[in-house]
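# Structural description and commentary
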Amino acid sequence: MNGGSAGTMTPAMRIVSDGKAKRFILLGLGTEDPEKAIESTTIMKLGAAVASACHDQKKATSCNVILPSQIESSASTLTDFSTAFYSSLYSDNRYRTGKKVEIKAEDVKSVTLFMEGGAVDGAESSISTGLNLAKGVSLTKDIVNAPHNVLNSISLADTAKKIAEESGGTITCEILGKDECEKRGMGCYLGVARGSETEPQFIHLTYKPSGDVKKKVGVVGKGLLFDTGGYNIKTQMMELMKFDCGGAAAVLGAARAVGQNRPEGVEAHFVVAACENMINARAVVPSDILTASNGKTVEVLNTDAEGRLTLADALVFADKECGCESIIELSTLTGACMISLGQKICGVWTDNDDLAKSLEDVSKVTGDKSWRMPMEAEYKEQLKSKVADMTNLGGRYGGAITAALFLTEFVDKKKPFAHIDIAGPVWDDKAGATGFGAKLVSEWVKRQGE
């Protein structure tokens, strides 16, 4: 349907033939531009629309989709369609009972794609790739949606072990306990973890390709399974603080997809310093000074700026111990980023133009929207401490920027590094977890080996 917004649908039309009724729906493709190919995001909207139609048309057992010749008959088209289709069938029924349980499109047994542009070589493999990405997105949603009494640092570590077990040997899993983290001098991470009833679990998944390694990359995710704010206790939105593990969720979801899709040429290290920010007699308090594993000292001005403390030691680990050549990090780090960019777009901070461009390209292809933000070095003055190397909090203004500047202190200045704040798009007020970041990371990792 040329002209209709991409992904829109007409009401179902019933046409009777040979005594049987068939339902027909027209899908919107957007306005046709002969000079431009139809974008990946449009294909994804079509996949999501088909999934929605399959669910809405009750008792339909099969669905045939005809994609016009304007849509390129390619492996990427099938992968994009498949990813969106399967992702849109997600429904979290783990904590529902009886009639509250919802199975999307439960009557549909088959969906067949007909491409006017011709058949696609390796179609089954392309669709499988999309399914694996969708499974990664679903895992990301499961982690973010899970309440803290179900998912803590220990159960997240168990999830990481399962990813490795199901990877067919492409991924190995290493879990560092408290003693091993202490030997590495991870004082910032362990300082935050002191208030939790569960032991900290430092998660390290390593993906290795079957062939030669062209590049070694690190992906770090903030893994606060719940954030009360600590002694600087939160006064609002605490019921949503289970989503403070959104960065870790995206990283683990991506690891699952990467392990199944097996990109060539890239070795990827997925790192999560998992813990909770809670309150007890041992918890860190404002004015404490913590020492990170690179030897830098941090004065804690606010216990609710804890995520960057855990990330500090995770970044040092990815940089020094893993020897990653470039590193990206995802976190639900600041409300300031949400105020700047809203709930649909993540912020990207990096001094490296090539890395910024690669993330921008991946963002456009995957639909995980991003925007490059300024890395204003002058703002680093706000992080000066009277008694330590730095503080964990800047002034009232530019909080998302000072958070990014803080993190740069824990990665070699010569290495490409990007901080990605996903605080806004990780959660939808109506639907819950969005799965944001899993596709972005998966695609970025894949492209590093090309």
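So, here is what we can say about the structure in this document. (Residues numbered from 1 in each chain as written. Predicted model: local features only at pLDDT ≥ 70, side-chain atom pairs only at ≥ 80, totals over all residues. Heavy atoms only, no water.)

## Examining a negative patch on the surface
Put simply, the test is: Two distance rules govern patches: like charges are joined within 9 Å, and nonpolar side chains (Val, Leu, Ile, Met, Phe, Trp, Tyr) within 5 Å, applied only to residues with over 30% relative accessible area and no salt bridge. Here the Shrake-Rupley method, with its probe set to 1.4 Å, supplies the accessible areas, and only the displayed protein chains count as covering residues. For salt bridges, the criterion is a side-chain nitrogen of Lys or Arg within 4 Å of an Asp or Glu carboxyl oxygen. In this tally, Asp and Glu contribute negative charge and Lys and Arg positive charge; neither His nor the terminal groups of the chain are included. Positions of charges follow a simple convention, taking NZ of Lys, CZ of Arg, CG of Asp or CD of Glu. We count a stretch as a helix when DSSP gives it H or I for four or more residues in a row; a strand needs E for two or more, and each element gets its number in order from the N terminus.
Judged by side-chain charge, Glu174, Asp179, Glu180, Glu182 and Glu199 come together as a negatively charged surface patch. The element that contributes the greatest number of residues to the negative patch is helix α5 (residues 178-183), accounting for three residues. You can see glutamate 174 is positioned in strand β5 (residues 171-176).

## Regarding the environment of proline 286
Counted only if it meets this: Only protein chains enter the accessibility calculation, which uses a 1.4 Å probe. A residue is then buried if its area is under 20% of the maximum for its type, exposed if over 50%, and partly exposed in between. Residues count as neighbours in contact if any of their non-hydrogen atoms are within 4.5 Å of one another.
Note that proline 286 resides in the loop between β8 (266-277) and β9 (289-291). Residue proline 286 is classed as partly exposed on the basis of its relative accessible area, which comes to 32%. Sequence separation of proline 286 and isoleucine 328 is 42 residues, and the distance between their C-alpha atoms is 29 Å. The residues contacting proline 286, other than those within four sequence positions of it, are Tyr231, Asn232, Val300, Leu301 and Thr303.

## A short note on the packing of helix α4 (residues 153-165) against helix α7 (residues 246-261)
Definition in use: Lines fitted to the C-alpha atoms define the axes, with helices restricted to the stretch that makes contact. Angles between their N-to-C directions range from 0 to 180 degrees. Orientation labels follow simple angle bins: below 35 degrees gives roughly parallel, above 145 gives roughly antiparallel, 65 to 115 gives roughly perpendicular, and whatever is left gives oblique. Note: crossing handedness is left-handed where the near helix turns anticlockwise from the far helix by less than a right angle, and right-handed where it turns clockwise. In this count, Pro and Cys sit with the nonpolar residues alongside Ala, Val, Leu, Ile, Met, Phe, Trp and Tyr, while Asp, Glu, Lys and Arg are called charged and the others, Gly among them, polar.
Running from N to C, α4 and α7 point in directions that differ by 15°, and their axes come no closer than 10 Å. On the basis of their axis angle, the class for α4 and α7 is roughly parallel. Note that α4 runs across α7; the crossing there is left-handed. Residues Leu156, Ala160 and Ile163 of α4 lie in contact with α7, whose contacting residues are Ala248, Leu252, Ala255 and Arg256. Residues belonging to the contact of α4 with α7 are distributed by class as follows: six nonpolar, no polar and one charged.

## Quick notes on the side chain of aspartate 319
Note the following rule: Any N or O atom pair separated by 3.5 Å or less is treated as a polar contact, with the protein-specific requirement of one donor-capable and one acceptor-capable atom, and with residues adjacent in sequence counted only for side-chain atom pairs.
Positionally, aspartate 319 belongs in helix α8 (residues 307-321). Judged by relative accessible area, which is 3%, aspartate 319 ranks as buried. Here the side chain of aspartate 319 touches aspartate 412 through a polar contact of 2.8 Å, landing on its backbone nitrogen. Non-local contacts of aspartate 319, meaning those with residues more than four positions away in its chain, are made with Cys324, Ile327, Phe410, Val411, Asp412 and Lys415.

## Let's talk about the pairing of strand β3 (residues 62-67)
The condition that has to hold: In short, DSSP must find at least two bridges between two strands for them to pair. For the handedness criterion, the strands are oriented away from the viewer, and a crossover whose path from the first strand over the helix to the second runs clockwise is classed as right-handed.
Of the two faces of β3, the one lined by Cys63, Val65 and Leu67 is fully buried and the one lined by Ser62, Asn64 and Ile66 carries no buried residue. Across six bridges, the pairing between β3 and strand β4 (residues 110-115) is parallel. Bridge pairing in β4 links serine 62 to serine 110. Taken together, β3, helix α2 (residues 75-87) and β4 form a β-α-β motif whose crossover is right-handed.

## Some thoughts on the sheet that holds strand β7 (residues 215-227)
Spatial ordering of the open sheet is given by β5-β6-β8-β7-β11-β15-β12-β13, a layout of eight strands whose pairing is mixed. Each having just a single partner strand, β5 and β13 (370-372) make up the two edges of the open sheet. Across the sheet, the mean angle from the axis of one strand to that of its neighbour is 20°, orientation sign disregarded. Both β7 and strand β11 (residues 326-331) contribute to a ladder of five bridges, which runs parallel. Bridge pairing in β11 links glycine 221 to leucine 330. Sheet contacts for α4: β5, β6 (201-207), β7 and β8; angle to β6, the most-contacted strand, approximately 15°.

## Some remarks on the packing of aromatic side chains
Just so we agree on the cut-off: What counts as a ring pair is set by centres within 6.5 Å for rings of Phe, Tyr and Trp (its six-membered ring), and what kind of pair is set by the plane angle: stacked under 30 degrees, edge-to-face over 60, tilted for all other angles.
Following the criterion strictly, the structure yields five aromatic pairs and no others. Between phenylalanine 243 and tryptophan 427, the ring centres sit 6.0 Å apart and the planes meet at 40°, which makes this aromatic pair tilted. With a gap of 184 residues between them, phenylalanine 243 in the loop between β7 and α7 and tryptophan 427 in strand β16 (residues 427-428) connect regions that are remote in the sequence. Across the pair, tryptophan 427 and phenylalanine 243 agree in class, each one buried. Where phenylalanine 406 meets phenylalanine 410, the ring centres are 5.2 Å apart and the plane angle is 50°; that geometry is what we call tilted. With respect to burial, phenylalanine 406 and phenylalanine 410 carry one shared label: buried. Counting every residue linked through ring pairs, the aromatic cluster contains Tyr189, Phe202 and Phe317.

## With respect to the packing of helix α3 (residues 123-145) against helix α12 (residues 438-448)
In the contact formed by α3 and α12, the axes pass within 9 Å of each other and the chain directions differ by 135°. On the basis of the axis angle, α3 is oblique to α12. Considering the relative orientation of α3 and α12, their crossing is right-handed. Contacts between α3 and α12 pair Leu133, Gly136, Val137 and Thr140 from the former with Ala438, Lys439 and Ser442 from the latter.

## Digging into the pattern of salt bridges
Two side chains of opposite charge can pair, provided their charged atoms sit close to one another. In the structure shown here, the tally under the stated rule is 20 salt bridges. One salt bridge in this structure joins aspartate 361 and lysine 357, with 2.8 Å as the shortest N-O distance. You can see aspartate 361 and its partner lysine 357 sitting in helix α10 (residues 353-366), four residues apart, about one turn around the helix. Three or more residues joined by partner-sharing salt bridges are found here, namely Asp92, Arg94 and Asp142.

## Some points on unusual backbone geometry
We note that aspartate 18 has phi near 55°; this positive angle belongs to a residue other than glycine. Along the chain, the position of aspartate 18 falls in the loop between β1 (13-17) and β2 (20-24). A relative accessible area of 78% means that aspartate 18 is categorised as exposed. One non-glycine residue, serine 287, lies in positive phi territory at about 95°. Along the chain, serine 287 falls in the loop between β8 and β9.

Everything listed here is a matter of coordinates, which is why it stays silent on function.
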